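Descriptive structure summary
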Amino acid sequence: MQESAGNEYQGLSLGGAFDIQIFATQLASEEDSFDNQYDVNAPDSVSLNGVSYENFDAAVAVAKDGDTITVSGNHAPITLCGNITLVLDNAAIKATDNGTSAVTLANDFAGKIVVKGTTTLIGAKGGNGIYVPANTTLDLSGTGRLIAKGNGATESTSEKIG
């Protein structure tokens with residue numbers, strides 16, 4: 001609020017017709033006035049067209065072509081198919097089973113991935129940060145930074161998007 005607004009708004013409410021939710025995360029490289037642990041217990045989030053879901057699998061199970069799934073925080077590996085837009089908003093996706101990738105695009109994937117903030121994708125041993133099968137196009141956009149790391153010298157890239 002601007003300092004010039006004075007105190008005439010103190011004690012007033014916005015009413016009960018809507019809710020406001022604010023989601024913000026602190027990068028591991030950032031520190032507030034205390035330390036870099038501000039978000040150590042921040043919840044990971046998944047939403048489908050703005051509606052929260054317990055996890056990615058629950059959201060993708062009901063997603064339809066043209067839908068948007070947004071993920072932030074830490075997540076298990078994900079597979080995308082169909083015409084889905086995936087928004088990676090300060091996400092960290094790490095594969096742990098040998099040979100698996102953090103993000104796998106299915107052969108029928110026709111959607112796109114949008115990167116906001118800094119997102120890290122780490123494949124397990126022998127896997128990729130992101131796997132794009134032959135004859136599949138990855139439409140990658142956004143204003144963030146994508147760091148994709150494979151474990152097994154298959155891939156290592158860090159790109160500023162936008």
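Some remarks on the pairing of strand β3 (residues 68-75)
Regular strands show a simple pattern: their side chains alternate between the two faces of the sheet. Relative to β3, strand β1 (residues 45-48) runs antiparallel, the two being bridged by 4 bridges. Across the sheet, S47 pairs through a bridge with T70, a residue of β3. Where β3 and strand β5 (residues 85-94) come together, 7 bridges link them in parallel fashion. The partner of N74 across the bridge, within β5, is A92.

Observations concerning the pairing of β5
Pairing of β5 with strand β7 (residues 112-116), which is carried by 5 bridges, proceeds in the parallel orientation. Across the sheet, the residue bridging to D89 is K116, located in β7. The pairing of β5 with strand β8 (residues 118-125) spans 3 bridges and is parallel. Within the sheet, the bridge partner assigned to A92 lies in β8 and is T120.

Some thoughts on the side chain of S47
Inspection of the secondary structure assignment puts S47 in strand β1. Classification of S47 as buried rests on a relative accessible area of 15%.

Topic: the side chain of T119
As for its placement among the helices and strands, T119 is situated in strand β8. A distance of 3.4 Å separates a polar atom in the side chain of T119 from the backbone oxygen of L88. Not counting residues within four places of it along the chain, the set of residues in contact with T119 comprises L88, D89, N90, A91, R145, L146 and I147.

Rules of the game
Residues numbered from 1 in each chain as written. Predicted model: local features only at pLDDT ≥ 70, side-chain atom pairs only at ≥ 80, totals over all residues. Heavy atoms only, no water. Pairing = 2+ DSSP bridges. Helix = DSSP H or I, 4+ residues; strand = E, 2+ residues; numbered from the N terminus. Buried < 20%, exposed > 50% of the residue type's maximum accessible area, 1.4 Å probe, protein only. Polar contact = N/O pair within 3.5 Å; in protein donor to acceptor, adjacent residues only side chain to side chain. Contact = heavy atoms within 4.5 Å.

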